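What follows is each chain in one-letter form.
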Amino acid sequence: MGKTKITDEEALAFHLEPTPGKFEITATVPMTTQRDLSLAYSPGVAVPCEAIAANPETAYDYTNKGNLVAVISNGTAVLGLGNLGALASKPVMEGKAVLFKRFADVNAIDIELDTEDPDEIIQAVKLMGPTFGGINLEDIKAPECFIVEQRLKEEMDIPVFHDDQHGTAVICAAGLINALHLSGKKIEDVKIVLNGAGAAGIACIELLKRMGARHDNCIVCDTKGVIFQGRTEGMNQWKSAHAVKTGLRSLEEAMVGADVFLGVSVKGAVTQEMVASMADNPVIFAMANPDPEITPEEAHEVRMDAIVATGRSDYPNQVNNVLGFPYLFRGALDIHARAINDEMKIACARALADLAREDVPDEVALAYGRNLSFGRDYIIPTPFDPRLIHRIPVAVARAGMDTGAARRPIIDMDAYELTLKSRMDPTASILRSLNARARAAQARMIFAEGDDPRVLRAAVTYQRSGFGKALVVGRADDVKAKLEAAGLGDAVREIEVVNAANTAHLDSYKAFLYKRLQRKGFDQKDVHRLAARDRHVFSALMLAHGHGDGLVTGATRKSAHVLDQINNVFDADAEHGAAGVTALLHKGRIVLIGDTLVHEWPEPEDLANIAERAASVARGLGLDPRVAFVSFSTFGYPVSERAEKMHQASDVLERRGVDFEYEGEMTVDVALNARAQAAYPFSRLTGPANILVVPARHSASISVKLMQEMGEATVIGPILTGVDKPIQICSTVSTANDILNMAVLAACGIG
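Residues numbered from 1 in each chain as written. Predicted model: local features only at pLDDT ≥ 70, side-chain atom pairs only at ≥ 80, totals over all residues. Heavy atoms only, no water.

Labelled according to an unreviewed UniProt entry, the protein chain appears under the name NADP-dependent malic enzyme, originating from Antarcticimicrobium luteum.

Enquirer: Outline helix H26 (residues 604-620), listing residues and values.
Expert: Its 17 residues give H26 an end-to-end C-alpha distance of 24 Å, which sits within 8% of 24 Å, the value for a rise of 1.5 Å per residue. Residues of H26 that are buried include every one of Pro604, Leu607, Ala608, Ile610, Ala611, Ala614, Ala615, Val617, Ala618 and Gly620, and no others. Following H26 by one or two positions, glycine 622 adopts a phi angle in the positive range, close to 90°. (Helix = DSSP H or I, 4+ residues; strand = E, 2+ residues; numbered from the N terminus. Expected span 1.5 Å × (residues − 1). Buried < 20%, exposed > 50% of the residue type's maximum accessible area, 1.4 Å probe, protein only.)

Enquirer: Explain the side chain of histidine 242 residue by residue, including any values.
Expert: Mapped onto the elements, histidine 242 comes out in the loop between helix H10 (237-240) and helix H11 (251-254). The exposure class of histidine 242 is buried, given its relative accessible area of 4%. Side-chain polar atoms of histidine 242 contact the side chain of lysine 209, separated by 2.8 Å. When near neighbours in sequence (up to four residues on either side) are disregarded, histidine 242 contacts Ile202, Ile205, Glu206, Lys209, His215, Val220 and Ile227. (Polar contact = N/O pair within 3.5 Å; in protein donor to acceptor, adjacent residues only side chain to side chain. Contact = heavy atoms within 4.5 Å.)

Enquirer: Can you break down the UniProt feature "active site" (unreviewed entry) in the protein chain residue by residue, with the values?
Expert: Under the local residue numbering, the UniProt record ascribes the feature "active site" (unreviewed entry) to Lys96. Tracing the backbone through its elements, the reader meets lysine 96 in helix H5 (residues 90-104). Not counting the four nearest positions on each side in its chain, lysine 96 is found in contact with Val71, Asn136, Glu138, Asp163 and Phe325. (UniProt positions renumbered as here; feature names shortened; annotations may be inferred.)

Enquirer: Tell me what's going on with the environment of threonine 634, and back it up with residues and numbers.
Expert: Relative to the assigned elements, threonine 634 resides in the loop between strand S17 (626-630) and helix H27 (641-656). Taking the C-alpha atoms as reference, threonine 634 lies 5.5 Å from glutamate 665; in sequence the two are 31 residues apart. Look past the residues within four positions of threonine 634 in its chain and what remains in contact with it is Glu665, Met666, Thr667, Val670 and Tyr680.

Enquirer: Just give me the short version of the pattern of salt bridges, but keep the residues and values in it.
Expert: Following the criterion strictly, the structure yields 44 salt bridges and no others. Residue aspartate 105 is joined to lysine 101 by a salt bridge in which the shortest nitrogen-to-oxygen separation is 2.7 Å. A residue is classified by how much of its surface remains accessible, and aspartate 105, at 15% relative accessible area, is buried. In this structure, aspartate 478 engages lysine 482 in a salt bridge whose closest nitrogen and oxygen atoms are separated by 2.7 Å. In this pair, aspartate 478 and lysine 482 both sit in helix H21 (residues 476-485), four residues apart, roughly one turn of the helix. Here lysine 482 falls in the partly exposed class, since its relative accessible area comes to 25%. One continuous salt-bridge network, built from bridges that share partners, spans Lys90, Glu94, Asp110 and Glu112. (Salt bridge = Lys/Arg side-chain N within 4 Å of Asp/Glu carboxyl O.)

Enquirer: Describe in detail the domain arrangement of the protein chain, supporting the description with residues and values.
Expert: Under the domain assignment used here, the protein chain contains domain 1 (8-28 + 64-158), domain 2 (164-424), domain 3 (439-568) and domain 4 (577-722). A C-alpha centroid distance of 46 Å is found between domain 1 and domain 3. (Domains from an automatic or database assignment.)

Enquirer: I'd like to hear about the state of the cysteines, residue by residue, with values.
Expert: The term disulfide refers to a covalent linkage connecting the sulfur atoms of a pair of cysteines. One pass over the full model with this rule turns up zero disulfides. With no disulfide partner, cysteine 172 has as its closest neighbouring cysteine sulfur the one in cysteine 204, 4.2 Å distant. Residue cysteine 172 is classed as buried on the basis of its relative accessible area of 0%. Free cysteine cysteine 748: the closest other cysteine sulfur is in cysteine 730, separated by 15 Å. Overall, cysteine 748 belongs to the buried group, its relative accessible area being 16%. (Disulfide = S-S within 2.5 Å.)

Enquirer: Before we move on, could you go through the nonpolar core and cite the residues and values that matter?
Expert: Judged by nonpolar contacts, the single largest core of 102 residues is most densely connected at Ile135, Ile192, Leu208, Leu262, Phe285, Met344 and Leu352. Considering each element in turn, this core owes the most residues, nine residues, to helix H8 (residues 163-183). Here methionine 344 is in contact with Leu328, Ala332, Ile335, Ala337, Ala339, Val396, Ala399, Gly400 and Ala405, once residues within four sequence places are set aside. Counting residues in each nonpolar core, the second largest holds 62 residues, with Val479, Ala491, Ile590 and Tyr662 among its members. (Core = buried A, V, L, I, M, F, W, Y, C linked by side-chain atoms within 4.5 Å.)

Enquirer: Please set out the pairing of strand S6 (residues 218-222) residue by residue, giving values where relevant.
Expert: Of all the five residues making up S6, five are buried; the element is thus mostly covered by neighbouring parts of the structure. The two faces of S6 match: Cys218, Val220 and Asp222 on one face and Ile219 and Cys221 on the other face are all buried. Note: strand S5 (residues 192-195) against S6, four bridges, orientation parallel. For isoleucine 192, the partnering residue across the bridge sits in S6 and is cysteine 218. Each parallel crossover has a hand, and the one from S5 via helix H9 (residues 199-210) to S6 is right-handed. Two elements, S6 and strand S7 (residues 225-226), share two bridges in a ladder whose sense is antiparallel. When the bridges of S7 are listed, aspartate 222 appears paired with glycine 225. The loop that links S6 with its antiparallel partner S7 comprises two residues. (Pairing = 2+ DSSP bridges. Right-handed = clockwise from strand over helix to strand, strands pointing away.)

Put into structure tokens, the structure is as follows:
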């Protein structure tokens with residue numbers, strides 16, 4: 001999977017908008033009435049305070065301690081950038097915090113400590129101990145990181161984990177288990193060469209030794225060469241622990257006959273000659289970032305039998321820490337662990353290795369644009385494998401319980417696995433799958449409103465993300481000026497700007513349009529004005545003639561106006577069965593609402609059509625459609641002529657014999673709440689509805705905008721469906737990311 005091109009301006013805008021930073025704090029309890037406040041604070045809060053004072057373990061029951069991790073750094077080793085200081089490390093630590101949440105539903109807070117004194121760091125973290133269920137140390141330079149972690153592990157009774165060390169080590173170990181399996185070798189027999197004796201390198205070799213690698217078979221190198229017994233230059237106690245009795249003095253000498261190379265050093269540290277000198281079926285983990293010690297292409301030029309892993313996402317076998325730390329902490333937190341010990345780390349590595357040997361879900365293969373199966377190019381699971389959340393924490397928790405690290409062991413592991421499956425937001429996997437489908441489609445996307453900076457940013461991102469070609473309708477000089485103003489001046493050379501003046505197809509566009517409109521009161525001058533001057537019509541004509549594969553518009557004009565203009569070119573109206581379906585994403589749920597665009601006051605037959613259109617959209621999103629025709633009445637009560645048509649719409653679908661679930665009429669709470677549905681055992685719905693068909697366009701619009709403003713739901717749509725070509729109409733309040741999402745939907749042909 002290729003790397004996405006990201007500019008400095010895009011990265012800064014991402015961290016600036018919609019609010020500075022990458023996360024916020026939200027309350028999990030009601031905070032509206034005086035009673036709520038009295039329970040949340042004084043006097044009600046005194047009760048759990050007294051309970052915790054009497055039994056400290058109950059802090060895990062009455063506070064967020066049990067699902068809260070501190071991400072702590074002093075900024076002395078920020079990524080590959082060096083000592084940037086505590087404040088400059090904050091974007092990285094915020095990023096780590098959101099990764100915890102995204103991948104394992106672990107709440108995390110970043111804390112930047114403005115000191116390079118290990119004793120001060122240790123004291124500060126210890127004093128914060130009561131707040132957290134675990135400590136994740138990050139980007140602290142060696143050798144201080146060893147001192148800090150070791151002391152904190154000894155003096156604190158919650159897990160302390162330095163991810164730069166142990167996160168890399170765990171994923172490295174997982175990959176090596178499978179690489180050696182494919183090579184037919186055993187860890188206790190192989191000769192391992194490690195280049196890079198910093199935090200990650202030392203942790204890797206220590207974990208492998210715990211797993212069976214023999215001390216005498218492990219050669220560790222740093223910038224001074226081999227770490228051998230008797231060496232004094234550049235040594236410390238952590239390096240000395242891995243010194244061996246050997247006459248080897250350089251990395252080049254050490255590589256001769258080696259079975260495994262582990263690199264956490266610098267680009268270019270390994271040459272093709274070194275690789276050629278290794279044993280049969282060599283394993284090469286070139287993990288330097290951002291560029292490996294040797295690229296897979298260079299290694300395979302001289303050794304086709306090599307198994308190669310790197311730290312990069314654009315090569316197979318990525319050693320990515322996100323496969324480890326979220327799930328290690330998830331398992332540790334769920335047993336209220338005192339520590340993350342070696343057995344838990346090894347259990348994590350083995351579970352990852354086992355997972356890579358299993359059949360890969362279709363959604364994962366689709367996301368990576370290729371078939372994945374266990375072998376030399378797939379020895380480590382991908383970060384987006386949905387099984388990680390319910391497989392890895394279970395293994396970690398079991399190991400923690402077996403080794404006495406658990407304060408509160410899990411009794412029913414099957415039930416625990418089920419709870420893990422339910423923790424994750426399904427919308428993330430759906431959106432990821434859509435992105436993968438869009439990359440595979442490589443659609444030429446027409447962005448109709450090239451005079452709007454939001455549209456231009458979306459168009460540039462669409463193309464740079466590898467989705468396909470962006471075609472922007474606008475004046476070239478205006479587009480250039482607006483891109484430069486947005487800090488995207490370099491994109492002028494990338495995207496294609498199209499307009500009536502520079503196209504060779506205007507005459508054929510006008511002829512096509514005149515044939516459609518000549519009996520609807522339009523003369524040739526009217527048609528020329530529409531085709532040459534209205535960007536929505538011009539863009540639709542491009543699409544109709546195959547000069548683009550999809551169209552995104554609507555960011556600058558009301559959707560009703562845009563739809564009227566598009567209807568000049570396509571049959572995008574109620575008479576021809578078109579409909580607008582809007583997707584609401586909120587707290588892990590997706591609900592589609594229709595019709596938000598086309599039908600003003602639909603009759604029962606129209607409502608049934610809307611339901612079928614919405615079911616098609618739902619399936620395009622990977623959902624099993626469950627339609628509810630909603631009103632203020634549930635199954636006939638209260639009686640109302642206005643609600644009757646919703647009941648009749650169900651009868652229409654029954655006559656048509658559709659292949660999805662539907663029911664109605666019913667109120668929204670009955671439609672969406674399984675407990676409320678239990679009062680109606682005759683209902684045809686087997687669970688909460690994910691499609692709501694509402695009585696009229698105004699009620700659809702009110703519902704969507706209310707959820708957007710009051711519920712802070714993410715809105716995608718309206719998705720125009722029932723038209724011959726993929727056309728998506730944004731709202732005028734769309735952000736650049738909203739417009740990009742609509743383009744992705746169009747590229748996937750959803751509609």
